[in-house]
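Examining the three-dimensional arrangement
As a plain string of letters, each chain reads:
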Amino acid sequence: MQLKSFFAGALLAAISLPSGTGASMDVYQAQPKISPKVFIVSMFAPEAEIWHGIPEFNLLAHNISLPGLSPLFPDIYCTNTHEICQIVTGEGEINAATTVSSLLFSGRFNLTSTYFLLAGIAGINPEIGPTASVTFARFAIQVALQYEFDAREIPANMSTGYLPQGSTTTAAGQYPSSIYGTEVFEVNDKLRSIAADFARNATLADSEAAKKYRALYASKSGIYDAATKEPTVIECDVATSDVYYSGRLLSEAFSNTTDVLTNGKGTYCTSAQEDNATLEALLRAAIWDLVDFERIIVMRTASDFERPHLGESPMENLFTSDEQGAFDPAVENLYRAGIKVVQGILGDWKTFGKGVKAHNYVGDILGSLGTEPDFGADVKNVKRALSTSQRRSRR
């Protein structure tokens, strides 16, 4: 793919900074490229700051400003050796996609051998595990990319207000016929398991308040028994939605969406806002051989439950999330578990530098990296739908 690399370089060289900055992209092109071994992707201040001032390394040794980063987080932080760097995207899908794209196409970094550790907090499904746990995803699913009815106007034969895009009936379990390409990403499952094993060497933080709140999920039915346990490391999957949702019905709807979009391969367990946006930016860079999509780790720690216990309303669950007691230990566990992952990669760079070969499909729902997905509808039909009248105009 040398031709791609040539055009990527030509594209970057042609980009200029906005007028008034007094500089051009040539300034960045002229400097030696930085080649981190690990890039930590944080989303907002608490997630970012937990990595600062730690004994293992000093991310604040070098600050690097780039055009296109969030106005709230305008710098990339690196260690003295530049082996480890961190970017803070800002919260939500738009911030994540814009910030990460600005990094990837800046020309300031050589990221072809870099491992990306997406490390943030999330809500957790109490059927899968307790708060303060650490999760590692294979699938990221953009669950809110659907048709939606207001709850007061849901058709009588629907249990929730969500339907797959392109649907013409309200039948359950349909696969969307209108595909955008960002609905599902699959990352390296072998690397995911390696990272989870590294994290299992950590002593996880917890709090008395979190323990007390988790105990409320005990019931005779045992449906939420997993929620009452001690924090642990879990391999399960993440849902992306800018909507901060609460309640059993919405959570079950998005669990069903996960099941449909992954052909039953995914296990819905965490709710977050940015991962599909970050992964789309990384995928577009991977198409141009600027990053290796097999070197991505998606880690989320559980700061709250995304649905109430059996004696609580969804509103109470949402508005008392701070009282669940898990925010602080979840943030702390980004560091406690994440540092084990970073150290594991750096400590055996002779192996990790060569890459971890995935045994599963890696990429997006469209097969953009050259191989056919092992989930979802037939890719040829999906691509055909994108180029025919089945691709509906948005109003």
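See above for the structure.
Our subject in this report is the structure included herewith. Predicted, not measured: the structure shown is a model, and the values here were computed from it.

The rules behind each value
- Residues numbered from 1 in each chain as written.
- Predicted model: local features only at pLDDT ≥ 70, side-chain atom pairs only at ≥ 80, totals over all residues.
- Heavy atoms only, no water.
- Helix = DSSP H or I, 4+ residues; strand = E, 2+ residues; numbered from the N terminus.
- Buried < 20%, exposed > 50% of the residue type's maximum accessible area, 1.4 Å probe, protein only.
- Contact = heavy atoms within 4.5 Å.
- Areas by Shrake-Rupley, 256 points an atom, 1.4 Å probe, with all protein chains shown as cover.
- Expected span 1.5 Å × (residues − 1).
- Disulfide = S-S within 2.5 Å.
- Axes fitted to C-alpha atoms, helices over the stretch in contact; angles between N-to-C directions.
- Parallel < 35°, antiparallel > 145°, perpendicular 65-115°, else oblique.
- Left-handed = near helix turned anticlockwise from the far one by under 90°.
- Nonpolar A, V, L, I, M, F, W, Y, C, P; charged D, E, K, R; others polar.
- Phe/Tyr/Trp six-rings, centres within 6.5 Å; stacked < 30°, edge-to-face > 60°.

For the chain, the count of helices and strands is 12 helices and 15 strands. Within the span of the chain, comprising 395 residues, buried residues form 53% of the whole. Considering only contacts within the chain whose residues lie at least 6 apart along the sequence, 77% involve residues at least 24 apart. Summing over all exposed atoms, the chain offers an accessible surface of approximately 17600 Å²; the carbon and sulfur share of this is 52%.

The next thing to look at is helix α4 (residues 93-104). Every α-helix winds through 3.6 residues per turn, so residues three or four apart in the chain are directed the same way. Taking 1.5 Å as the rise per residue, α4 with 12 residues should run 16 Å; its terminal C-alpha atoms sit 16 Å apart, in good agreement. Taken residue by residue, α4 has Glu93, Ala96, Thr99, Val100, Ser102, Leu103 and Leu104 as its buried positions.

All right, on to the state of the cysteines then. Tallied over the full model, the rule gives two disulfides. Covalently, Cys78 is tied to Cys85 through a disulfide, its sulfur atoms 2.0 Å apart. Looking down the S-S bond of the Cys78 and Cys85 bridge, the torsion is 105°, so its handedness is right-handed. With a relative accessible area of 0%, Cys85 lands in the buried category. Linked covalently through their sulfurs, Cys236 and Cys269 form a disulfide whose S-S length is 1.9 Å. Looking along the S-S bond of the Cys236-Cys269 disulfide, the torsion reads about 65°, which is the right-handed sense. Of the two residues, Cys236 is situated in the loop between β11 (233-235) and β12 (237-240) and Cys269 in strand β13 (residues 268-272); the sequence distance between them amounts to 33 residues. Here the two residues Cys236 and Cys269 agree in accessibility, since each one is buried. Here the cysteine-cysteine linkages of the chain are recorded as 1-2, 3-4, numbering only bonded cysteines and doing so in sequence order.

Before going further, it helps to spend a moment on unusual backbone geometry. Most peptide bonds are trans, and most residues other than glycine sit at a negative phi. Its identity as a non-glycine residue notwithstanding, Ala132 has a phi of 75°, on the positive side. Position of Ala132 relative to the elements: it lies in the loop between β5 (115-124) and β6 (134-137). The phi dihedral of Asn263 falls on the positive side, at around 55°, and the residue is not glycine. One can find Asn263 in the loop between α7 (248-261) and β13.

This next bit is on the packing of α4 against helix α8 (residues 275-287). Across the interface, α4 lies against α8 with an axial gap of 7 Å and an inter-helix angle of 25°. With respect to α8, the axis of α4 lies roughly parallel. Viewed along their axes, α4 and α8 form a crossing whose handedness is right-handed. Here Glu93, Ala96, Ala97, Val100, Ser101 and Leu104 of α4 lie close against α8, whose contacting residues are Ala277, Thr278, Ala281, Leu282 and Ala285. When the residues that make up the contact of α4 with α8 are grouped by side-chain class, the tally is eight nonpolar, two polar and one charged.

Moving on, we get to the packing of aromatic side chains. Within the structure shown, the criterion is met by 15 aromatic pairs. Note on Trp51 and Phe57: the rings are 6.3 Å apart at their centroids and 10° apart in plane angle, and the pair reads as stacked. We note that Trp51, like Phe57, is buried. Taking 5.8 Å as the distance between ring centres and 70° as the angle between the ring planes, the aromatic pair formed by Tyr361 and Phe375 counts as edge-to-face. With a gap of 14 residues between them, Tyr361 in the loop between α11 (349-352) and β15 (363-364) and Phe375 in the loop between β15 and α12 (379-386) connect regions that are remote in the sequence. For Tyr361, a relative accessible area of 7% translates into the label buried.

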